[in-house]
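Topology and contacts: notes
Next come the chains, spelled out residue by residue.
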Amino acid sequence: MARVEIRNVSLNYHTLAGEVRAVEDISLTIEDQEFVAIVGQSGCGKSTLLSLISGLLRPARGSVFIDQEEVQGPCRRVGYMLQNDYLFEWRTILDNALLGLEIRREKTPEAVAEVKAMLKAYGLGGFEQYYPAQLSGGMRQRVALTRTLATGPDVLLLDEPFSALDYQNRLAVGEEVVKILRERRKTVIMVTHDIPEAVSMANRVVVMTPRPGRIRSIHRIKMCDEGLTPLQTRERPQFREYFTTIWKELNRDD
Amino acid sequence: MTEETMSPEHLAYLRGLRVKAALVRGTQFLLLVGLFVLWEVAASRGWINAFIFSQPTRIWAALVRLYREGSLWRHLGWTVWETVLGFTLGTAAGIVIAVMLWWSEFFSQVMDPYIVVLNSIPKVALGPIFVVWLGTTITAVVAMAIAVSIIVAIMMMHTGFKEVDPNKVMLVRTFGASKGQILWKVIIPASIPTMIAALKVNVGLSLVGTIVGEFLASKAGLGYLIVYGGQVFNMSLVMASVLLLLAVSVVLYYGVTFLEERVTKGRQ
């Protein structure tokens, strides 16, 4: 069943200097529990596409549907993880994780208990009353994930979620996050410029053209379908083949 | 690490730091004492005219007289009260107006030239206007203190609001936050350090406003004492009031610093 449907979506940015065509005529259907990675060069409109799916931006033409319902604005079915954890330094870890529930006015005692359980499950038990500055980058990223999952979204949008971490941490946190998202049966759309990251995590990798962003090609990754974790996928011989194909696609001039 | 586990070099290094710090403090203290002793000697030997320049012992006598008369605390109290009212009201009003500017881009653009002009005129020039409008009352003095501090508060807070990381705003917007929620959950808490900084600046500015206000329109307070002392040519009273003023400004400044440490505890 299609979770997310993007139908002929286009968006232009208007500035005094003129008009910038950010994304043009994008159509993509994402199945329930699928992990789709979108790769493209900087400024190709990848993040714009996520903003369109989340309802933060409205398309100039075309529409986005989630569960057959047109997206009109930020909705509870979609969770968004940004490039950085953006934890609020004045809030404790627990209060940071509860931010989304607080804004949605759903901070019930049951919801708080559930968030506490989630923090514990992600190795953050006992850190609830700490402040973000006292935590490592990987731990902060897990708090950010908890904050996103706390509101119970079915679809997760990840915008280069690991780019702020160093390489070592990026692999470890990526492994954990993918495990958590699979366990919770989430549908994921991740934007990245890191091809190995995309290939190691996704069922399908979508390659976008430089501005204006269009879909150039879509690649199905077999390893993820088989249920391998990102680190296991990286060890497979096919990993290199996928990498080379997608790298060539990205650098091709039309 | 405890004293026993430290290497001798490290202990020597730490001792060196302590000695340096003590030297700076000691020299600062000696400089102050030296200046006062020089002043005292110069006045009693007749190198300077004690009637015009006063001298430390006379200043002390003036302070003791004020205290005996019971007016010391009254004058101090008025000045402190007017200043505290001035900078809290000035900062609070500044924050409210800055919120309005943040809320409406249109309002902000309309107000921009007015704020620039109001910022550039010397607010003490408005003193006589306040006296005519509000009379020679505490209200005129506090109005003066607010006038001096409010524009700076508005500008500092508005800049602070605009400098809040847009990604933090974006984050709460992904949860469907309203404009009011963005204000209360992100902008205001993220700007607490800016508010304290504004408060710190405004303590000094409000004190200027209060003293000028008291010069013009008051029967009590350190500003009144200074003007009165000048008029009756009692330089010891003037100097004593200036020293008291110094003490007031130091106490207020450290009060705000203390508040700052309390509020920013836990943050980075």
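So, how was this worked out
- Residues numbered from 1 in each chain as written.
- Chains lettered and ligands numbered in written order.
- Predicted model: local features only at pLDDT ≥ 70, side-chain atom pairs only at ≥ 80, totals over all residues.
- Helix = DSSP H or I, 4+ residues; strand = E, 2+ residues; numbered from the N terminus.
- Expected span 1.5 Å × (residues − 1).
- Buried ≥ 20, exposed ≤ 12 C-beta atoms within 10 Å, placed from the backbone.
- Domains from an automatic or database assignment.
- Pairing = 2+ DSSP bridges.
- Contact = placed C-beta atoms within 7 Å.
- Axes fitted to C-alpha atoms, helices over the stretch in contact; angles between N-to-C directions.
- Parallel < 35°, antiparallel > 145°, perpendicular 65-115°, else oblique.
- Left-handed = near helix turned anticlockwise from the far one by under 90°.
- Nonpolar A, V, L, I, M, F, W, Y, C, P; charged D, E, K, R; others polar.

The next point concerns helix 1 (residues 8-44) of chain B. Residues and elements named next belong to chain B. Counted at 1.5 Å a residue, the expected span for helix 1 with its 37 residues is 54 Å, and the 53 Å between its end C-alpha atoms agrees. Across the 37 residues of helix 1, one count as buried, placing the element largely on the outside. Looking one or two residues beyond helix 1, the residue adopting positive phi is G46, at roughly 85°.

Glancing now at the domain arrangement of chain A. The figure often quoted for interface size is the accessible area lost as the parts come together. The domain boundaries assigned to chain A delineate domain 1 (32-57 + 72-77 + 153-254) and domain 2 (87-152). Taking only C-alpha atoms, the centre of domain 1 of chain A and the centre of domain 2 of chain A are 25 Å apart.

All names here are of chain A. The four strands are arranged 2-1-4-5 in an open sheet whose pairing can be described as antiparallel. Pairing within the sheet leaves two strands with one partner each, and these edge strands are strand 2 (18-31) and strand 5 (69-70). Here strand 1 (residues 2-15) runs beside strand 2; their pairing, made up of ten bridges, is antiparallel. Within strand 2, the position partnered with E5 by the bridge is T29. Helix-sheet contacts for helix 1 (residues 46-54) involve strand 1, strand 2 and strand 4 (61-66), and the interaxial angle to strand 1 is about 120°.

A word on the packing of helix 4 (residues 72-103) of chain B against helix 10 (residues 192-217) of chain B. Residues and elements named next belong to chain B. Put simply, helix 4 and helix 10 touch, their axes get as near as 8 Å, and they point 130° apart. Judged by the angle between their axes, helix 4 and helix 10 are oblique. The two elements helix 4 and helix 10 meet at a crossing, and its hand is right-handed. Counted together, T79, E82, T83, G86, F87, G90, T91, G94 and I95 of helix 4 and M195, A198, L199, N202, V203, S206, L207, G209, T210 and E214 of helix 10 form the full contact between these two elements. Residue composition of the contact of helix 4 with helix 10, grouped by class: seven nonpolar, ten polar and two charged.

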